[in-house]
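# Structural characterization, general
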Amino acid sequence: MFFSPKTKGYFVELSDYGCLFARTSAMGGPLVVEELEECPVDDAAMFAEVLQRLQTAKSPSGYMHSVCGLYPAKRLVRRASLDPKRLKEPTYLNEVVNQQFRVEPEKYTISVLNSVDGTDLDLTKGAQKEALFCGLPAEDIVNIQESLLGNGIYPERLELATVSVLGSLVDYLEFKNSKTPTLVLEIGGDTTHSYIVTSSGVEAARPIAQGLESMIPVVQKELSLKDEESARKLFYSNTFDFTGMGPLLVKKLLKELQSSIGFYEVQTGQSVGQVLCTMIPPKLTWLDGTIAPALGVPSLKLDATSWLQMRKITLSDKAAEKGADPRWFGLFGLMASYQHAEAETNAVVPEKKD
């Protein structure tokens, strides 16, 4: 589908913690972010209300044509060192996916990117050793598309929001002339996805089997609650100040993070100097203020406005107030990436069997 210069742009980011929406003055830059909206992920009525409010004119198709960023539970965003001598072997990349990431490549749609600049890995040159494997189960793509259509959104483009965030942060650090390695955390229910990023690219990626749910038993024990369900409701309700209990709640997660950071620092000789939590429930933003001090580093304070201006994206006064929250950074990344030429993806295809 081709857009006219006057076509409004719509961008949507969906996670377990909520839905973020933006309307822009155009699909490509230069553009103005006119409106930012959000709603809970499980509130269908509010979701429909937001879509109606955002659209300045009803689409002939009845759908809001959007660029969509997603955080599928089984997303794959992992870094690997490749053997250049084997890159031309037809089964080599599938072997890496299967052996290093414990993923069945025939069930996934995967792109292999250069971990430095995010371009597709050129298998013919065989010179690039460090690669970023990005993908999700093919079945999930179908289910996600059907869910979006069922909710009134036609996905013009689907992206892993993680990739959007990491690519935008690499670009942001380069823009700020920052050499500081940055720990990026996506804290899910059962898993925390951790990444170490510099202005030179994504340098480490690791999923950790510790998330918000692992904190529930600690809440129950410390507050002497009768069961985990009571602890869960209190934890997510924002009616109790957990700040003082924070170090206890993240103790297990911190142990794993410190292990990852230590390995990276020994391997590279560089020290992680700041933390950015990009995926956290709105009511649990205190976690960022707990994790960073426990690791002995500050939280990264994003100056998204100046970076966006460099990318020819301007926030309206109304949008600027909301957009200061780092939770919107991934959505802005979807807009910025739209201004670059699209390249064909380098998919890992399953080996044919006779």
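Please refer to the structure placed before this passage.
Description of the structure in this document. The structure displayed is predicted, hence computed values, not measured ones.

Quick notes on the rules
- Residues numbered from 1 in each chain as written.
- Predicted model: local features only at pLDDT ≥ 70, side-chain atom pairs only at ≥ 80, totals over all residues.
- Heavy atoms only, no water.
- Helix = DSSP H or I, 4+ residues; strand = E, 2+ residues; numbered from the N terminus.
- Contact = heavy atoms within 4.5 Å.
- Pairing = 2+ DSSP bridges.
- Axes fitted to C-alpha atoms, helices over the stretch in contact; angles between N-to-C directions.

As a further point, take the side chain of S164. In this fold, S164 is placed in helix α4 (residues 161–175). Among residues more than four places away in sequence, those in contact with S164 are E159, G330, G333 and L334.

Attention now goes to the sheet that holds strand β13 (residues 313–315). Spatial ordering of the open sheet is given by β8-β4-β1-β2-β3-β13, a layout of six strands whose pairing is mixed. Strands with a single pairing partner mark the edges of an open sheet, and in this sheet they are β8 (153–160) and β13. Strand-to-strand twist across the sheet, computed as the mean angle between neighbouring axes with direction ignored, equals 30 degrees. Where strand β4 (residues 64–70) meets β8, seven bridges bridge the pair, whose relative direction is parallel. Looking at the pairing, L70 lines up with L160 of β8. The strands touched by helix α1 (residues 44–54) are β1 (9–15), β2 (18–24), β3 (31–39), β4 and β8; relative to β3, the strand with the most contacts, the crossing angle is about 160 degrees. Helix α3 (residues 138–150) rests against β1, β4 and β8 of the sheet, and its axis sits at about 145 degrees to β8.

Let us look at the sheet that holds strand β12 (residues 274–279). Taken together, the four strands give an open sheet; going across it, the order is β11-β10-β9-β12, and neighbouring strands pair in mixed fashion. Sheet topology places β11 (201–208) and β12 at the edges, where each strand pairs with a single neighbour. The sheet shows a mean angle of 20 degrees between the axes of neighbouring strands, direction not considered. Bridge count for strand β10 (residues 192–198) against β11 is seven bridges, and the pairing is antiparallel. Bridging from a neighbouring strand, S194 pairs with R206 of β11. On top of the sheet, α4 reaches β9 (182–187), β10, β11 and β12; it is set at about 25 degrees to β10, its chief contact. Running over the sheet, helix α9 (residues 286–295) touches β9 and β12 and is turned about 155 degrees from β12.

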